[in-house]
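Residue strings, one per chain:
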Amino acid sequence: MPPTARWLVENGPRELELLFQTIVYHPSAPILVTDDDGNFKDASVGVGKLLGVAREKIIGRPIHDFAQPGFKPQISQLWKALQNQEEHNGTLRLTGPDGSPRDVEFTAKGNVLPVRHVLVLRDKAPVEAEDASSNHIPSWVQDYALYLLDIEGRVAAWYSGAARIYGYHTDEAIDHHVSFLYPGEDTTNLKLQEEFKRAEAEGHVGTEGWQARKDGSRFWANAITMALKDENGEMQGFARVVRDFSERHEKDEKLRRSRARIRPIPSQTTIAGIVSGEFERIPEANDAFLELVGYSREDLLGGRLHWPDLTPPEYAALDDLAHEEGLRFGACSPYEKEMIRKDGARVPVLVATAVLKLSPFRWITFVQDLRERDRLESVEEEDVEVKDDFQEIVGGSAALRRVQRQVEVVAPTDANVLILGETGTGKELVARAIHRMSPRKNLPFVTLNCAAIPTGLLESELFGYERGAFTGALSQKIGRFEMAHRGTLFLDEVGDIPLDLQPKLLRALQEKSFERLGGTKTIPIDVRLVAATNRNLTQMMGDKLFRSDLYYRLKVFPITTPPLRDRPEDVPILARHFTKKYADKMGREIDKIPSETMRALMSWHWPGNVRELENFIERSVILSRGPNLRAPLAEIRQDATETAGGVTLEQVEREHIIRVLRESAGGGHHSGYPSRIAPDNT
């Protein structure tokens, strides 16, 4: 016998059993590996949950220890039957965690390895409707094809589980190249050579794909191939475990897709916790992980941390998928779940696990705390303490606080205020805050948008007119100055006042009186003037479009409202505020803004400032049909690459309308753009 063959005969079964232990320990399905006498040689995490006993306290004990006293003679008979026919189904009466009797169905498969049998259990107790899927023993945990290959890839040992799954007896498989299990594939040999090279280099390799039985039927096979080396590091062959994943394959793919869709990985990649273990034990963890799950280092050193105990039952399927990905690829894709703290509370986390060693099984997991991410995504969360006087001004940035301090300083006085800033930055809100914090707060606050009034009518809007002052003046009209007597007059877009009207405005401010059009009576006024503009009045003075004396009369106390791009930290606060506002208005239940959406909102430069953001959020609420805000991110991402700085809100709105009309072939479909788009130069 060649030395490698002798080594495989002597050491192969032990190496296969170690690999089998790695496969069996993790599933939430209760799986037991026994010897001929019914002693438990290994157990899955699910067995510990079923019996209410820690997994390490099950291994090494006979099944009699967990059976009801009157049922023990029947167990001996069952074991003899199993050894005779290799496949058996029946019922065991075991003792539950509370000491009460429990009927447990079992499916047994004999000799997956020499003197090693698999017992899969299922509690016969009634289950809730939502847990009905657990009332079934999946085929992939019932039986296992274990076999050994020599360094050339020929079958060196073929055990009963392999014979049951493939249909080939031992004498039909021994000395055949493993490619005979892949009939009809031209590239099988090349694929297998690559697989063996990877296993030799990396220690093991996991694959999934179609394989064939003796009768020609195909099944989706999950295969774990481990390289076998002697004490000198010389290759001696390969150990292989194959499971029939036909039933599980489609479910795994759906779960993998849904897992990717749930929520994106947060942009912050700081690792909160690092924990490593051997099978389900946790011997090592950093302080951040211990703090996250609420355990002390004494708990860790005392062996009181077990990885399965930290996971709620509803995440078992995700954990199973992650374990299988680790076996196949060496690591799993990061995924979200919850962990159970020592006090019973749950904490949302993002986990990623890497396999350090396959046999015996060692792993390391990186855990990111998602509580802060969830807090930021919550629409209900209040990030900033808003004073009553600034209740309409939402945000907490340093730039916004500076504006608020300026308002607090000037509001108690009667000084004229000139508010400068781009369109959509909330200049009118600042004006209202000035009035609300002034001694005039209980008196009128009158507004006039100078850009929205035709030039010929602006004077009459400001000062009013007498009956008969011009054709159509059938009655007396009170102007805005007179309406604002003893209160505050807010002139929005004051830069649009015609040059020939500016002297009359200046005179009214200087003399604190005016005359109505067509009138001769001088009317005294006591008005606090607040003006706003998005224009460059200094440049307009140079171009002789704005009087310098009026400019300096208005600019007693200037306040500049910052554009939204200069205070991106306010975007999440504003987004939550507008989401709640419009969700309440439309009767929607929206409680989350996904982190991907929030990152997109913060990365867009918002040329239309807060008003553009508000319109975008309103449109997003209209499109949302569930608890998460569904925003049309393609719009701002596309615009972000197509538009440059300096564009106006009007240009953005115009381009958006044209694009939507073009996509809807002239207006046949309008979902996805604002229900109202009206230029408002505030």
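The rules behind the values
- Residues numbered from 1 in each chain as written.
- Predicted model: local features only at pLDDT ≥ 70, side-chain atom pairs only at ≥ 80, totals over all residues.
- Heavy atoms only, no water.
- Helix = DSSP H or I, 4+ residues; strand = E, 2+ residues; numbered from the N terminus.
- Contact = heavy atoms within 4.5 Å.
- Areas by Shrake-Rupley, 256 points an atom, 1.4 Å probe, with all protein chains shown as cover.
- Polar contact = N/O pair within 3.5 Å; in protein donor to acceptor, adjacent residues only side chain to side chain.
- Axes fitted to C-alpha atoms, helices over the stretch in contact; angles between N-to-C directions.
- Parallel < 35°, antiparallel > 145°, perpendicular 65-115°, else oblique.
- Left-handed = near helix turned anticlockwise from the far one by under 90°.
- Nonpolar A, V, L, I, M, F, W, Y, C, P; charged D, E, K, R; others polar.
- Pairing = 2+ DSSP bridges.
- Expected span 1.5 Å × (residues − 1).
- Buried < 20%, exposed > 50% of the residue type's maximum accessible area, 1.4 Å probe, protein only.
- Salt bridge = Lys/Arg side-chain N within 4 Å of Asp/Glu carboxyl O.

Right, let's get into the overall build of the protein. Scanning the protein from terminus to terminus reveals 23 helices and 24 strands. Within the protein, contacts between residues at least 6 apart in sequence are counted, and of these 61% link residues at least 24 apart. Accessible surface, the protein: about 32300 Å² in total, of which carbon and sulfur atoms supply 50%.

With respect to the helices, strands and loops of the structure, arginine 122 is situated in strand 5 (residues 116-123). One polar contact links arginine 122 to glutamate 105, side chain to side chain, over a distance of 2.4 Å.

Quick look at the packing of helix 19 (residues 571-586) against helix 20 (residues 595-603) now. One can describe the packing of helix 19 onto helix 20 by two numbers: an axis separation of 9 Å at closest approach and a directional angle of 120°. One element, helix 19, and the other, helix 20, form an angle in the oblique class. Where helix 19 crosses over helix 20, the handedness of that crossing is right-handed. Two secondary-structure elements touch here, helix 19 through Val571, Pro572, Ala575 and Arg576 and helix 20 through Met598, Leu601 and Met602. Grouping the amino acids of the contact of helix 19 with helix 20 by side-chain chemistry returns six nonpolar, no polar and one charged.

Let's shift gears to the sheet that holds strand 12 (residues 281-285). Strands belonging to one sheet form pairs held by backbone hydrogen bonds; the direction of such a pair is parallel or antiparallel. Across the sheet, which stays open at both edges, the five strands sit in the order 12-11-15-14-13 with antiparallel pairing between neighbours. Edge positions in the open sheet fall to strand 12 and strand 13 (335-340), since each of these has one partner strand only. This sheet shows a mean twist of 40° between the axes of neighbouring strands, independent of strand direction. As paired elements, strand 11 (residues 273-278) and strand 15 (residues 362-369) share six bridges and run antiparallel to each other. Residue pairing in the sheet places glutamate 278 in a bridge with arginine 362 of strand 15. Lying over the sheet, helix 10 (residues 316-329) contacts strand 13 and strand 14 (346-357), oriented at roughly 120° with respect to strand 13.

What follows covers helix 21 (residues 609-623). Between the first and last C-alpha of helix 21 there are 21 Å, a value that for 15 residues agrees with the 21 Å anticipated at 1.5 Å per step. Burial within helix 21 is extensive, with 13 of its 15 residues counted as buried.

Moving on to the sheet that holds strand 5. Here we have five strands laid out as an open sheet, ordered 2-1-5-4-3, and antiparallel in their pairing. Since the sheet does not close on itself, it has two edges, and those belong to strand 2 (40-43) and strand 3 (87-95), each with one partner. The average angle at which neighbouring strand axes cross in this sheet is 30°, direction not considered. The pairing of strand 1 (residues 31-34) with strand 2 spans three bridges and is classified as antiparallel. The residue of strand 2 that forms the bridge with threonine 34 is phenylalanine 40. Each of strand 1, strand 2, strand 4 (101-113) and strand 5 is contacted by helix 1 (residues 3-24), which is oriented at about 145° to strand 4, the strand it contacts most.

It is worth spelling out the pattern of salt bridges at this point. One pass over the full model with this rule turns up 46 salt bridges. When the shortest N-O distance is used, the salt bridge between arginine 240 and glutamate 195 registers 2.7 Å. With arginine 240 in strand 10 (residues 235-244) and glutamate 195 in helix 6 (residues 188-202), the pair connects residues that are 45 residues apart, well separated along the chain. On the accessibility criterion, arginine 240 (0% relative accessible area) is buried. By relative accessible area, glutamate 195 is classed as buried at 8%. Here arginine 440 makes a salt bridge to aspartate 526, at a shortest N to O gap of 2.9 Å. Taken together, the residues arginine 440 in the loop between helix 13 (427-436) and strand 17 (445-449) and aspartate 526 in the loop between strand 22 (522-524) and strand 23 (528-533) connect sequence positions 86 residues apart. In this structure aspartate 526 comes out as partly exposed when scored by relative accessible area, which is 35%. Overlapping salt bridges bring together Glu278, Arg281, Glu284 and Arg362 as one network.

All right, on to the environment of threonine 533 then. Looking at the element boundaries, threonine 533 is found in strand 23. For the pair threonine 533 and threonine 423, spaced 110 residues apart in sequence, the C-alpha to C-alpha distance is 8.3 Å. If we ignore the near neighbours within four places in the chain, the residues touching threonine 533 are Ile419, Leu420, Gly421, Lys427, Glu493, Val494 and Gly495. Within the structure, threonine 533 has its side chain in polar contact with the backbone nitrogen of arginine 535 (distance 3.0 Å).

As a further point, take the side chain of histidine 435. Tracing the backbone shows histidine 435 in helix 13. Owing to a relative accessible area of 7%, histidine 435 belongs among the buried residues under this scheme. Setting aside anything within four residues of it in sequence, one finds histidine 435 in contact with Arg440, Lys441, Leu443, Pro444, Phe445 and Thr488.

Okay, the packing of helix 19 against helix 21 next. Packed helices, taken two at a time, are described by the angle their axes make and the gap between the axes. Between helix 19 and helix 21, the shortest axis-to-axis distance is 9 Å and the interhelical angle comes to 45°. Judged by the angle between their axes, helix 19 and helix 21 are oblique. Considering how the two elements wind past one another, helix 19 and helix 21 form a crossing that is right-handed. Each of Val571, Leu574, Ala575, Phe578, Thr579, Lys581, Tyr582, Ala583 and Met586 in helix 19 lies in contact with helix 21, whose residues at this interface are Val610, Leu613, Glu614, Ile617, Glu618, Val621 and Ile622.

In this section: the pairing of strand 5. One face of the sheet, then the other: side chains in a regular strand alternate in exactly this way. Most of strand 5 is tucked away: seven of the eight residues are buried. Pairing of strand 1 with strand 5 involves four bridges; the strand directions are antiparallel. By the bridge assignment, isoleucine 31 is partnered in strand 5 with valine 120. Across seven bridges, strand 4 lies against strand 5 in antiparallel orientation. Bridging across to strand 5, alanine 108 finds its partner in leucine 119. The antiparallel hairpin formed by strand 4 and strand 5 contains two residues in its connecting segment, where valine 115 sits at a positive phi of about 60°.

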